[in-house]
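Now for the letters of each chain:
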Protein chains: 2
Amino acid sequence: MDPIPVLFVAGAVGDWRIDRVAPVRGEALPSAPRLARLEGAQGDLRGIWTLRGTTSHERYVTRAEKEALRAVQPALGRADSTHAALIPVRKSKEWWDLAQDERRRIFEEQSRHVSIGLRYLPAVARRLYHCRDLGGPFDFLTWFEYAERDADRFEELVGELRRSPEWDYVEREVDVRVSR
Amino acid sequence: MDPIPVLFVAGAVGDWRIDRVAPVRGEALPSAPRLARLEGAQGDLRGIWTLRGTTSHERYVTRAEKEALRAVQPALGRADSTHAALIPVRKSKEWWDLAQDERRRIFEEQSRHVSIGLRYLPAVARRLYHCRDLGGPFDFLTWFEYAERDADRFEELVGELRRSPEWDYVEREVDVRVSR
């Protein structure tokens, strides 16, 4: 898949109503009435805040993990996905100074990032946007979609990840919950 | 090191005189009299062509390789580095669809990318800029600096890399040679 640029615009318009904007670590983002997720958008839309990212190749998963994910991960935009979350994260300088083998070890062998995620598929659909190379205040923007009946499962998923060793390297995280 | 954005501008001004612009694979870039390498530049300078990138964390090297590189890699801007090369590269969709373990295996276990590079240090100073996540026509912009006496060594380096299995995945490459 070619990289797809995305623009998240929080403001007066957008498909999603913003239910809450909670700081998990570090500075929050301002609240706003609605959120638009604009994939492939060119140009520079203004909002109360905007975050820019892009899909990219996977940085840590092995071939076996990639196939396991591909077999069960659902598409975005399912009719019953009335709930979603945008979770922007910035990791620390310490994380980025690690070598690839060290980051991989923390990501999967210690934190089970892929294994945890797999247990919540296909209930939770997910798309990861990268933004570290674009500058801006975050390194990743993760977008999750799920049905109302899976709301508790989704809380379990983010709870598990936040308790993992990988999250020791997260220095800013905001949890934006939306619905439609 | 925090990511440093860079803008390469080929046009009427710049510290470097462009000696030749050679297409290695795929479409070339237009020739121009001079090249400017502007690190940290904001905004949107126009030239005959401009390429934008950013330094980023290493994607493949292990801790041991990172330390080995750090021990011998020289700084840019040495007084006797009167020769330089800007080599923009785009890799194929096939490369980017590989999983991390497959890309690593081709990069080092098969192609000896780090081992080859190490043999030419400290003669050749190098800085890798990433640009795949930024959009644009290339995935990487590599900048090399060396003294006139090391010009043959530099040809050996690029020759070795171009003969490696990793280069089967290169679908566009331009070799811009400059001097001052």
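Residues numbered from 1 in each chain as written. Chains lettered and ligands numbered in written order. Predicted model: local features only at pLDDT ≥ 70, side-chain atom pairs only at ≥ 80, totals over all residues.

### What to know about the overall build of chain A
Each helix and strand in chain A was counted, giving five helices and eight strands. Each helix and strand of chain A, ordered N terminal to C terminal, gives the series β-β-β-β-α-β-α-α-α-β-β-α-β. For a compact globule of 180 residues, the expected C-alpha radius of gyration is about 16 Å, and chain A comes in at 16 Å, within 12% of that figure. In terms of its C-alpha atoms, chain A occupies a principal-axis envelope of roughly 45 × 35 × 30 Å. (Helix = DSSP H or I, 4+ residues; strand = E, 2+ residues; numbered from the N terminus. Rg over C-alpha atoms; globule rule 2.2 N^0.38 Å.)

### Quick look at the interface of chain B and chain A
Each partner contributes residues to the interface: chain B has 22 residues there, and chain A has 22 residues. Among the elements of the structure, helix H1 (63-72) and helix H3 (100-110) of chain B are those that each provide at least two residues to the side of chain B that touches chain A. It is H3 of chain B that contributes the most residues to the side of chain B that touches chain A, three residues altogether. (Contact = placed C-beta atoms within 7 Å.)

### Digging into helix H5 (residues 151-162) of chain A
Two residues of an α-helix separated by three or four positions point the same way, owing to the 3.6 residues in each turn. All names here are of chain A. With 12 residues, H5 should reach 16 Å at 1.5 Å per residue; the first-to-last C-alpha distance of 17 Å fits that figure. What H5 keeps buried is the set Phe154, Leu157 and Leu161. Looking straight down H5, one finds its buried side chains confined to an arc of 55 degrees; they lie on one side. Those residues of H5 that are exposed and aimed more than 90 degrees away from the buried face are Asp152, Glu155 and Gly159. (Expected span 1.5 Å × (residues − 1). Buried ≥ 20, exposed ≤ 12 C-beta atoms within 10 Å, placed from the backbone. Arc of directions from axis to C-beta.)

### Notes on unusual backbone geometry
Residue and element names in this part refer to chain A. A cis geometry characterises the amide bond from Leu121 onward to Pro122, with omega recorded as 5 degrees. Following the sequence through the fold, Pro122 ends up in the loop between helix H4 (113-119) and strand E6 (125-130). With a phi angle near 55 degrees, Arg112 is a residue other than glycine that sits in the positive phi range. Note on placement: Arg112 falls in the loop between helix H3 (100-110) and H4.

### A closer look at the environment of Ile116 of chain B
Residues and elements named next belong to chain B. Summarising the element assignment, Ile116 is placed in helix H4 (residues 113-119). Residue Ile116 is classed as partly exposed on the basis of its 16 C-beta neighbours within 10 Å. Linking Ile116 and Arg104, residues 12 residues apart in sequence, is a C-alpha distance of 15 Å.

### A look at the relation of the copies chain B and chain A
It takes a turn of 180 degrees to lay chain B on chain A, together with a shift of 0.0 Å along the axis; the resulting RMSD is 0.0 Å. Such a combination of turn and shift is consistent with a two-fold rotation axis. Most of the interface of chain B is mirrored in chain A: 100% of its interface residues are interface residues there too. (Least-squares fit on C-alpha atoms with pLDDT ≥ 70 in both.)

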